[in-house]
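One-letter residues, chain by chain:
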Amino acid sequence: MEELSLHILDIVQNSVAADAKLIEVEITEDTAKDKLTVTVKDDGRGMSEETLRKVTDPFTTGRKTRCVGLGIPLLKLAAELTGGRVELSSELGKGTTVTAMFGYSHIDRQPLGDIVSTIHQLIVMNENTDFLYTHRINSKVFTLDTRQMREILGGVPLNTHEVMVWLLEYLKENESSLLKNCDGKE
Amino acid sequence: MKSLAELQEIRNRTLNNIIMRKEDGQGVRVVVGMATCGIAAGARPVMSAFVEELAKRNLSNVTVTQMGCIGACRLEPIVEIIAPNEEKVTYVKMTPEKAARVVAEHIVNKQVVTEYTIGAAE
Ligand SMILES: Nc1ncnc2c1ncn2[C@@H]1O[C@H](COP(=O)(O)OP(=O)(O)OP(=O)(O)O)[C@@H](O)[C@H]1O
Ligand SMILES: [Mg+2]
């Protein structure tokens with residue numbers, strides 16, 4: 001996995017698999033603190049303390065060769081390579097929060113990459129889940145709430161072609177204007 | 001700049017079609033493997049290619065969804081095409097280019113692209 005946005009796509013799949021109704025994805029880039037933080041918070045079924053302990057322990061024996069249990073360990077590895085870490089909190093029946101912290105300017109920090117595709121796909125692939133997406137770069141912020149979109153759209157599903165095409169452009173425009181003058185200069 | 005208000009226009013334009021789509025019964029489903037193995041192998045650009053091709057051809061009866069790992073990680077990205085009254089077809093080692101061909105040949109022309117299927121890979 002070479003981009004933080006791919007990790008995000010992957011970590012959110014866990015929330016989808018846990019039957020979350022609302023998934024909050026937040027990216028905060030703070031150059032002054034030299035920190036990049038990714039938070040994925042869901043209201044899904046949560047994990048028992050035992051499961052929580054197991055997933056934090058990377059590459060538990062027997063898992064390596066199987067196609068399971070790689071998502072969180074890979075994220076943890078990516079964060080720790082930059083002097084950061086991953087924090088997990090979860091409560092059965094309540095939900096789960098995954099927070100990954102990265103050293104912003106660390107040479108090994110993966111680029112955020114194609115976050116537009118990640119958010120677009122998460123939204124259009126999960127018609128029954130709502131997303132609250134927030135991307136902050138220093139003092140600038142972009143927020144997208146699918147509940148608000150649905151309210152305007154009435155009964156038109158988010159995965160309608162016209163909506164999907166609109167959403168892709170909307171995300172592209174807003175992400176690129178976040179990047180412009182992100183150091184506060186006009 | 002695009003604004004959320006444009007969704008209102010989309011709503012007015014599409015609501016009638018949506019009702020028709022529902023009455024059409026279920027269409028074709030494109031299911032992309034989105035577990036860690038799939039994503040690491042390149043599922044995201046494959047999914048983007050399907051969404052783009054389907055929108056370009058206005059195939060509004062086709063939906064794109066995701067699935068977990070089906071235990072063939074080395075063959076990812078894996079895509080299943082599920083059409084009513086047809087046997088499920090599993091495509092492996094997909095790329096955006098292959099996705100465009102699957103849309104044109106399989107979904108539009110109903111011709112399975114045999115060389116990309118799991119049967120051909122094994
Ligand atoms: N948000 C979540 N809610 C509930 N359970 C979770 C959540 N995230 C992770 N888990 C639990 O932790 C396990 C490990 O997650 P991880 O992403 O590391 O691997 P995986 O999803 O099982 O497989 P892979 O990510 O390799 O496809 C999951 O199988 C699930 O049981
Ligand atoms: Mg996972």
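Everything below is about the structure printed above this text.
## Some details on the site of ligand 1
And step 1. Taken together, 17 residues surround ligand 1, and among them Asn14(A), Asp42(A), Leu70(A), Ile72(A) and Thr36(B) come closest.
And step 2. Per-site note: the chains with residues close to ligand 1 are chains A and B.
And step 3. Between ligand 1 and the protein, one listed contact pairs a nitrogen atom with a side-chain N or O atom of Asp42(A) at 2.8 Å.
And step 4. In the model, an oxygen atom of ligand 1 is placed 2.9 Å from a nitrogen or oxygen of the Ile72(A) main chain.
And step 5. Here ligand 1 loses 81% of its free accessible area of 600 Å² to cover by the protein chains.
And step 6. The cavity that encloses ligand 1 is the largest pocket.
And step 7. Of all elements in the fold, only helix H1 (4-17) and helix H3 (71-80) of chain A reach the threshold of two or more residues within the shell around ligand 1.

## Section: the sheet that holds strand E4 (residues 89-91) of chain B
Residue and element names in this part refer to chain B.
And step 1. The strand order E2-E1-E3-E4 describes an open sheet built from 4 strands, whose pairing is mixed. Looking along the sheet, the strands with just one partner apiece sit at the ends: strand E2 (63-67) and E4. Taken over all neighbouring pairs, the strand axes of this sheet differ in orientation by 25° on average, direction set aside.
And step 2. Docked against the sheet, helix H3 (residues 43-56) engages strand E1 (29-33), E2 and strand E3 (79-82), running at close to 165° with respect to E2.

## Details of the pattern of salt bridges
Should the charged atoms of two oppositely charged side chains come close, the side chains can pair.
And step 1. Tallying each qualifying case throughout the model produces 18 salt bridges over all chains.
And step 2. The salt bridge involving Arg57(B) is made with Glu53(B); its shortest N-O contact spans 3.5 Å.
And step 3. We classify Arg57(B) as partly exposed; its relative accessible area is 38%.
And step 4. Salt bridges sharing common partners tie together Glu127(A), Asp130(A) and Arg150(A).

## Regarding H3(B)
One turn of an α-helix holds 3.6 residues; hence residues three or four places apart share an orientation.
Residue and element names in this part refer to chain B.
And step 1. The end-to-end C-alpha distance of H3, which contains 14 residues, comes to 20 Å, matching closely the 20 Å that a straight helix rising 1.5 Å per residue would cover.
And step 2. Buried residues of H3: Ala43, Arg44, Val46, Met47, Ala49, Phe50, Val51, Glu53 and Leu54, and no others.
And step 3. Just past H3, the residue Asn58 takes up positive phi, approximately 55°.

## Section: empty space enclosed by the protein
Once rolled over the atoms, a probe with the size of a water molecule shows which space is left empty.
Residues and elements named next belong to chain A.
And step 1. A complete count under the given rule lists 3 cavities of 30 Å³ or more for this structure.
And step 2. Of the volumes computed, that of the largest cavity is approximately 50 Å³.
And step 3. Lining the largest cavity are Leu4, His7, Ile8, Ile11, Val38, Val40, Leu75, Val98, Thr99, Ala100 and Phe102.
And step 4. For the lining of the largest cavity, the residue count by class is 9 nonpolar, 2 polar and no charged.

## Observations regarding the interface of chain A and chain B
And step 1. Listed by partner, the interface residues are 42 residues for chain A and 35 residues for chain B.
And step 2. When chain A packs against chain B, close to 3200 Å² is buried across both sides, 66% of that on carbon and sulfur atoms.
And step 3. For the interface between chain A and chain B, the tally reads 2 salt bridges.
And step 4. For Glu162(A), the salt bridge identified is with Arg13(B), shortest N-O distance 2.6 Å.
And step 5. Connecting chain A to chain B are 15 residue pairs in polar contact (both at pLDDT 80 or more).
And step 6. Going through the elements one at a time, H1, H3, helix H4 (115-125), helix H5 (146-153) and helix H6 (161-179) of chain A are the ones with two or more residues in the side of chain A that touches chain B.
And step 7. The residue makeup of the side of chain A that touches chain B, split by class, is 19 nonpolar, 16 polar and 7 charged.

Conventions used here
Residues numbered from 1 in each chain as written. Chains lettered and ligands numbered in written order. Predicted model: local features only at pLDDT ≥ 70, side-chain atom pairs only at ≥ 80, totals over all residues. Heavy atoms only, no water. Near = heavy atom within 4 Å. Polar contact = N/O pair within 3.5 Å; in protein donor to acceptor, adjacent residues only side chain to side chain. Areas by Shrake-Rupley, 256 points an atom, 1.4 Å probe, with all protein chains shown as cover. 1 Å grid on protein atoms, 1.4 Å probe; cavity = no way out; pocket = protein on both sides within 12 Å on 5 of 7 lines; lining within 4 Å. Sits in = over half its atoms within 2 Å of the grid points. Helix = DSSP H or I, 4+ residues; strand = E, 2+ residues; numbered from the N terminus. Pairing = 2+ DSSP bridges. Axes fitted to C-alpha atoms, helices over the stretch in contact; angles between N-to-C directions. Contact = heavy atoms within 4.5 Å. Salt bridge = Lys/Arg side-chain N within 4 Å of Asp/Glu carboxyl O. Buried < 20%, exposed > 50% of the residue type's maximum accessible area, 1.4 Å probe, protein only. Expected span 1.5 Å × (residues − 1). Points joined across faces, edges and corners; volume = space filled by probe spheres on them. Nonpolar A, V, L, I, M, F, W, Y, C, P; charged D, E, K, R; others polar. Buried area = accessible area lost by both parts, 1.4 Å probe.

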